[in-house]
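Single-letter residue listing:
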Amino acid sequence: AQSVTQLGSHVSVSEGALVLLRCNYSSSVPPYLFWYVQYPNQGLQLLLKYTSAATLVKGINGFEAEFKKSETSFHLTKPSAHMSDAAEYFCAVSDSSASKIIFGSGTRLSIRP
Amino acid sequence: NAGVTQTPKFQVLKTGQSMTLQCAQDMNHEYMSWYRQDPGMGLRLIHYSVGAGITDQGEVPNGYNVSRSTTEDFPLRLLSAAPSQTSVYFCASSYGQVNTEAFFGQGTRLTVV
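Residues numbered from 1 in each chain as written. Chains lettered and ligands numbered in written order. Predicted model: local features only at pLDDT ≥ 70, side-chain atom pairs only at ≥ 80, totals over all residues. Heavy atoms only, no water.

1. Structural notes on the side chain of H47 of chain B
Residues and elements named next belong to chain B. Keep this limit in mind: To qualify as a helix, a DSSP run of H or I must reach at least 4 residues; to qualify as a strand, a run of E must reach at least 2; elements of each kind are numbered from the N terminus. Note on classification: 1.4 Å probe, protein chains only; a residue is buried when its accessible area is under 20% of the maximum for its type, exposed when over 50%, partly exposed between these limits. Under this definition, polar contacts are N or O atom pairs within 3.5 Å; protein pairs additionally need one hydrogen-donor-capable and one acceptor-capable atom, and for neighbouring residues in sequence, both atoms have to be side-chain atoms. We call two residues contacting when some pair of their heavy atoms lies within 4.5 Å.
Residue placement: H47 occurs in strand β5 (residues 42-51). In this structure H47 comes out as buried when scored by relative accessible area, which is 7%. At a separation of 3.1 Å, a polar atom in the side chain of H47 contacts the main-chain carbonyl oxygen of Y64. Filtering out sequence-adjacent residues up to four positions away, H47 remains in contact with S33, W34, D56, Q57, G58, P61, Y64, N65, V66, F74 and L76.

Here is the structure:
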């Protein structure tokens, strides 16, 4: 069965600092991996996705994530945080044998001025 | 471009009442799904559909019914509302089943008293 674990329900960084949001997955076959962002009182929107092409995936708003099979990880990073990055971020996993996408519990990112 | 439209945005129900949450998409997507979002639990899949006339259960289907008579619409029915169904509900649609971007509605905030 697929699963995804997001380490840290809340991460706080200073404006301009590195953002690192952690995600580990479990899947018995090669996975599809996603990061979504949710701004307050809105639905989710896709930041980036991994579907077995390049292991380093670039997304919108300067975010990127690296697929590491040996570590079963898909951590999200951004070199320099901006106040507008404050939101909740969800990692999600699926695979070719599944019929659904499983979401993690989310990480709320706060940005300190 | 309307995308995924959910109605209503807010709803208060009394225990035992029934209601239908509406979801419509105008992108001709085959795959549609319903999630509920609760604090600390991420998004949990309630029901999903891979095309008109086809529906299946997700992780937490009890107390909910769905139908998919057209490609565009995927209503979620609460048969007899319970306080445990107080949540934010999101409808999503995607072109493919598991490896393509999911587009989310704005959500319906439901309170059952």
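2. Side note on the interface of chain B and chain A
Keep this limit in mind: What counts as buried area is the accessible surface, traced by a 1.4 Å probe, that two parts surrender upon association, with contributions from both included. Put simply, a salt bridge is a Lys or Arg side-chain nitrogen that is within 4 Å of an Asp or Glu carboxyl oxygen. Under the scheme applied, nonpolar residues are Ala, Val, Leu, Ile, Met, Phe, Trp, Tyr, Cys and Pro; charged residues are Asp, Glu, Lys and Arg; polar residues are all the others, including Gly.
Listed by partner, the interface residues are 21 residues for chain B and 23 residues for chain A. Across the chain B to chain A interface the summed buried area is about 1,800 Å²; carbon plus sulfur atoms make up 55%. Applying the counting criterion to the chain B and chain A interface returns 0 salt bridges. The interface formed by chain B and chain A contains 3 residue pairs in polar contact (both at pLDDT 80 or more). Counting only elements with at least two residues in the side of chain B that touches chain A, the list comes to β4 (31-38) and β5 of chain B. A per-element tally of the side of chain B that touches chain A places β5 of chain B first, with 4 residues. Its residues assigned to classes, the side of chain B that touches chain A shows 10 nonpolar, 8 polar and 3 charged.

3. Topic: the nonpolar core
One recurring pattern in soluble globular proteins is that nonpolar side chains are buried together. Rule in force here: Residues belong to one nonpolar core when they are buried, are Ala, Val, Leu, Ile, Met, Phe, Trp, Tyr or Cys, and are joined through side-chain atoms within 4.5 Å.
Core analysis: the largest hydrophobic core is formed by 28 residues, its most contacted members being W35, F74, L76 and Y89 of chain A. Those elements that place two or more of their residues in this core are β2 (10-14), β3 (19-26), β4 (31-38), β5 (44-50), β7 (64-68), β8 (73-78), β9 (87-95) and β11 (107-112) of chain A. Apart from the residues lying within four places of it in its own chain, the contact partners of F74 of chain A are C23, L33, F34, W35, L48, Y50, V57, A65, E66 and F67 of chain A. Within the second largest apolar cluster, 19 residues are counted, among which are Y32, F34 and A92 of chain A together with A102 of chain B.

4. Brief notes about the environment of N24 of chain A
All names here are of chain A. Here N24 lies in strand β3. The spatial distance from the C-alpha of N24 to the C-alpha of T5 is 5.2 Å, given a sequence separation of 19 residues. If sequence neighbours within four positions are ignored, N24 has contacts with S3, V4, T5, L7, E71, T72, S73 and H75.

5. A closer look at unusual backbone geometry
Here the residue pair T7 of chain B and P8 of chain B is connected by a cis peptide bond, since its omega of -10 degrees sits within 30 degrees of zero. Position of P8 of chain B among the secondary structure elements: in the loop between β1 (4-7) and β2 (10-13). The phi dihedral of N61 of chain A is positive, around 60 degrees, even though this residue is not glycine. Its place among the elements puts N61 of chain A in the loop between β6 (56-58) and β7. Residue classification places N61 of chain A among the partly exposed positions, given a relative accessible area of 42%. The phi dihedral of T72 of chain A is positive, around 45 degrees, even though this residue is not glycine. Tracing the chain through its elements places T72 of chain A in the loop between β7 and β8.

6. Points about the sheet that holds β6 of chain A
Residue and element names in this part refer to chain A. As a reminder of what qualifies: By definition, two strands form a pair when at least two bridges between them are found by DSSP. Where helices are involved, their axes are fitted lines through C-alpha atoms of the stretch in contact, as for all axes, and angles between N-to-C directions lie from 0 to 180°.
The 5 strands are arranged β1-β3-β8-β7-β6 in an open sheet whose pairing can be described as antiparallel. Since the sheet does not close on itself, it has two edges, and those belong to β1 (3-7) and β6, each with one partner. The average undirected angle you get between the axes of adjacent strands in this sheet is 20 degrees. The pairing of β7 with β8 spans 5 bridges and is antiparallel. Along β8, the bridge assignment pairs A65 with L76.

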